[in-house]
Amino acid sequence: MSNITKREFAMLDITKSNYLTWAFDVKIHLTSLYLSQTILLGYDCTSAQKAKAFIFIRHHLHENLKFEYLTEEDPLVLWKSLRDRYDHQQDVVFPYAMFE
């Protein structure tokens, strides 16, 4: 089944090549929707806020990543899992970009 809803930006690719821009885009869009606290530790959020943020994040994931993180039900846990998996790119890509 194809996605009917239009994506606001590119989904997170399975190859890890666009994690930094994807994470930045997610943060900006969640902030604009007043949902940024759902991916930050120490904030109380309603279940409706968590559900909206979770749907938004999953909508912008590659299909294989959706299946891999199928058991996650909290946007904060999903966000941390993806960050732990992909955030090392900042250590590799950022110094090279600064050199260029």
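Look up a bit, the structure's there.
Sequence positions are assigned chain by chain, starting from 1 and proceeding in written order. Totals for whole chains, interfaces and linings use every residue, but because this is a predicted model, local features are given only for residues with pLDDT of at least 70 and side-chain atom pairs only at 80 or more, for both listing and counting. With hydrogens and water excluded, all non-hydrogen atoms of the structure serve as input to the side-chain values.

Chemist: Outline helix H2 (residues 47-59), supporting the account with residue identities and numerical values.
Modeler: Here H2 spans 18 Å end to end across 13 residues, near enough to the 18 Å set by a 1.5 Å rise per residue. Three labels apply to residues, based on accessible area from a 1.4 Å probe with only protein chains included: buried if under 20% of the type maximum, exposed if over 50%, partly exposed otherwise in between. Strands here are runs of E lasting at least two residues and helices are runs of H or I lasting at least four, both read from the DSSP assignment and numbered beginning at the N terminus. Inspection of H2 places Ala53, Phe54, Phe56, Ile57, Arg58 and His59 among the buried residues, and these make up the whole buried set. The contact rule is simple, with two residues in contact once any of their heavy atoms fall within 4.5 Å. Of the surrounding elements, those touching the buried residues of H2 are helix H1 (19-32), helix H3 (63-68) and helix H4 (75-86). Take the number of residues in a helix, subtract one, and multiply by 1.5 Å to get its expected span.

Chemist: So, the packing of H1 against H2: which residues are in play, and what are the values?
Modeler: Relative orientation and spacing of two packed helices are given, respectively, by the angle between their axes and the distance between those axes. Axes, fitted as lines to C-alpha atoms, cover a helix only where it is in contact. Angles between the N-to-C directions of the axes lie from 0 to 180 degrees. Viewed as axis vectors pointing N to C, H1 and H2 meet at an angle of 150°, and their least axial separation amounts to 11 Å. By the criterion of interaxial angle, the relationship of H1 to H2 is roughly antiparallel. Handedness of the crossing formed by H1 with H2: right-handed. Side by side, H1 and H2 meet where Trp22, Val26, His29 and Leu30 of the first sit next to Ala53, Phe56 and Ile57 of the second. When residues are sorted by character, Ala, Val, Leu, Ile, Met, Phe, Trp, Tyr, Cys and Pro go into the nonpolar class, Asp, Glu, Lys and Arg into the charged class, and all the rest, Gly among them, into the polar class. Tallied by class, the residues present in the contact of H1 with H2 amount to 6 nonpolar, 1 polar and no charged. By the definition adopted for this analysis, an angle is roughly parallel if under 35 degrees, roughly antiparallel if over 145, roughly perpendicular if from 65 to 115, and oblique otherwise. Here a crossing is called left-handed whenever its near helix is offset anticlockwise from the far helix by less than a right angle, and right-handed whenever the offset is clockwise.

Purely geometric numbers; function is a separate question.
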